[in-house]
Amino acid sequence: MTQSNSSSKKLLGVLIGGSGLIGGTLAHYFKTKTADNIELRAPSSKKLSIRNAADIKDYLKRVRPDFVINTAIASIGADSQLSFEVNYIGTLNLARAAAALKIPYIHISSASTLPNGENLTEEDCLPIVPKLNNYAKSKLMAEETLKYMHKTAGLDYTTIRLAIVYGEHDHKIQGFHRLFFSIADESMPLLFTKKNILHSYSNANKFPYFVHHVLQNREEFSGETYHFADKEPVELANLILTIRSYLELKSPREIYVPYPMATFGKNILEFLLKGLSRIGLKGGLPPELIFLESFYKTQTLSSEKLRNSSFIDPMPNETIYTKLPELVVYYLKRWTHENLISTFNETVLHSDAMANDFEQSPVELIDTIHQDSTKPFEELLDL
Ligand SMILES: NC(=O)c1ccc[n+]([C@@H]2O[C@H](COP(=O)([O-])OP(=O)(O)OC[C@H]3O[C@@H](n4cnc5c(N)ncnc54)[C@H](OP(=O)(O)O)[C@@H]3O)[C@@H](O)[C@H]2O)c1
């Protein structure tokens, strides 16, 4: 699929994981920005589970797509069997199907495949060893098998490694949004990091533009791995304190909890939760705590290969800091509506006139709506 033939024929793609943060952003982009020349089908995991090779074969035989994008993952804290089946076997099955159909396969991977360190390149990766957590191990194995299938079966694939993702529509509150949530919820009393710990961040809004570009330029991107991350890394403590000031909160206080104390506290909590589960009280720590060590170690991804590619950043000035005000409003509204948080200063959010009227003056509201907004939709009248 080269740039020239992609513009002449309407393409049909299959997106796996369309209900997730990354998949949802891709689905929205292809629906609103490329609808005339690219159509994307995003079957739910109930309709097509990538754990099941027969599901994949049946679905792809029926749909006959021009490309496949895989954003599916088992939840971060999933056990070894589920992580293996979704993150590794699922990837393998999709790649085998794509190789048979001779179509591009775009695979989303993660910085969890990388060691700690600065300016890590696409060549870097952790060794595959038993003691790795299930997420990192399965993602690494998937990357390795895709490279192997490129060499041995001619698989036309691109692996895109994401760093810590920020963006709207994270319904599951994971990764960066979990950190943000614990600040908004005031459940982070102190800073669980050190000074000068840097990480890379990936912008979910920009990501679909890159995937689109990668699909249009197979010659350049086939058989390659790319880091998709903002150019400048971000200091974790500074980011947390900036979010705190946006939310006008006092916590977390600027006291740095040393790593040994943080792991001790985590172990105690795990012990207590185990005890409680014996008397029927179920509870759990956020699965992101498997990455607790990362809060104390720098990991930055080089984006040089991305910047030297033919891809042009559609929003070069957008970073996690410029995006924060929007994210604060979006997530505070969402979490308040879902009754997940209630403690923050409501003036941080702009008041919504319609919602206020619904609460305070329903009769006036219904009168206004009857006068202005009850005509049948004109654009549907002729159908
Ligand atoms: N979010 C981040 O900060 C981050 C950072 C680095 C890399 N990444 C990578 O980005 C990709 C997408 O992550 P995300 O944050 O968007 O994940 P997510 O929000 O947890 O979404 C995961 C998706 O996978 C689907 N899925 C799970 N099991 C499946 C199965 N057996 N068959 C088909 N679909 C299945 C889920 O569908 P259901 O909801 O129906 O189960 C959901 O749509 C992953 O490869 C991840 O490693 C994400």
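First, a word on what this report is: a plain description of the structure on this page. (Residues numbered from 1 in each chain as written. Predicted model: local features only at pLDDT ≥ 70, side-chain atom pairs only at ≥ 80, totals over all residues. Heavy atoms only, no water.)

**Thoughts on the nonpolar core**
In terms of nonpolar packing, the biggest core is built from 28 residues, with Phe 176, Phe 180 and Leu 247 touching the most fellow members. When residues of this core are traced back to their parent elements, those giving at least two are helix H6 (175-184), helix H9 (236-246) and helix H12 (320-337). The element best represented in this core is H12, accounting for seven residues. (Core = buried A, V, L, I, M, F, W, Y, C linked by side-chain atoms within 4.5 Å. Buried < 20%, exposed > 50% of the residue type's maximum accessible area, 1.4 Å probe, protein only. Helix = DSSP H or I, 4+ residues; strand = E, 2+ residues; numbered from the N terminus.)

**Some points on the site of the ligand**
Around the ligand sit 25 residues in total, of which Ser 19, Ile 22, Ser 45, Tyr 135 and Lys 139 are the nearest. Between Ser 19 and the ligand, the recorded distance is 2.7 Å, taken from a side-chain N or O atom to an oxygen atom. One of the side-chain N or O atoms of Tyr 135 is found 2.6 Å from an oxygen atom in the ligand. Expressed as a share of its isolated accessible area of 900 Å², the protein-covered part of the ligand is 86%. Listing elements by their share of the shell around the ligand, those giving two or more residues are helix H2 (21-32), strand E4 (105-110) and helix H5 (134-153). (Near = heavy atom within 4 Å. Polar contact = N/O pair within 3.5 Å; in protein donor to acceptor, adjacent residues only side chain to side chain. Areas by Shrake-Rupley, 256 points an atom, 1.4 Å probe, with all protein chains shown as cover.)

**Thoughts on the packing of H2 against helix H7 (residues 207-216)**
The packing of two helices is summarised by the inter-axis angle and the distance between the axes. Two elements in contact, H2 and H7, have axes separated by 9 Å at closest approach and are oriented at 70°. Considering their axes alone, H2 and H7 lie roughly perpendicular with respect to each other. Here H2 runs over H7; the crossing is right-handed. Contacts from Ile 22, Thr 25, Leu 26, Tyr 29 and Phe 30 in H2 reach Phe 207, Pro 208, Tyr 209, Val 211, His 212 and Leu 215 in H7. (Axes fitted to C-alpha atoms, helices over the stretch in contact; angles between N-to-C directions. Parallel < 35°, antiparallel > 145°, perpendicular 65-115°, else oblique. Left-handed = near helix turned anticlockwise from the far one by under 90°. Contact = heavy atoms within 4.5 Å.)

**Describing the pairing of E4**
Counting buried residues along E4, six of its six residues qualify, which places the element largely inside the surrounding structure. Residues Tyr 105, His 107 and Ser 109 of E4 are buried on one face, and the alternating residues Ile 106, Ile 108 and Ser 110, pointing to the opposite face, are buried as well. The pairing of strand E3 (residues 67-70) with E4 spans three bridges and is parallel. In the strand pairing of E4, Ile 69 is matched with Ile 106. Handedness of the crossover joining E3 and E4 through helix H4 (residues 80-101): right-handed. (Pairing = 2+ DSSP bridges. Right-handed = clockwise from strand over helix to strand, strands pointing away.)

**Considerations on unusual backbone geometry**
Cis geometry is found at the peptide bond from Ser 251 to Pro 252, where omega equals 0°. Mapped onto the elements, Pro 252 comes out in the loop between H9 and strand E13 (253-256). Positive phi, close to 55°, is recorded for Asn 119, a residue that is not glycine. Considering the arrangement of structural elements, one finds Asn 119 in strand E5 (residues 117-120). Residue Asn 119 is classed as exposed on the basis of its relative accessible area, which comes to 51%.

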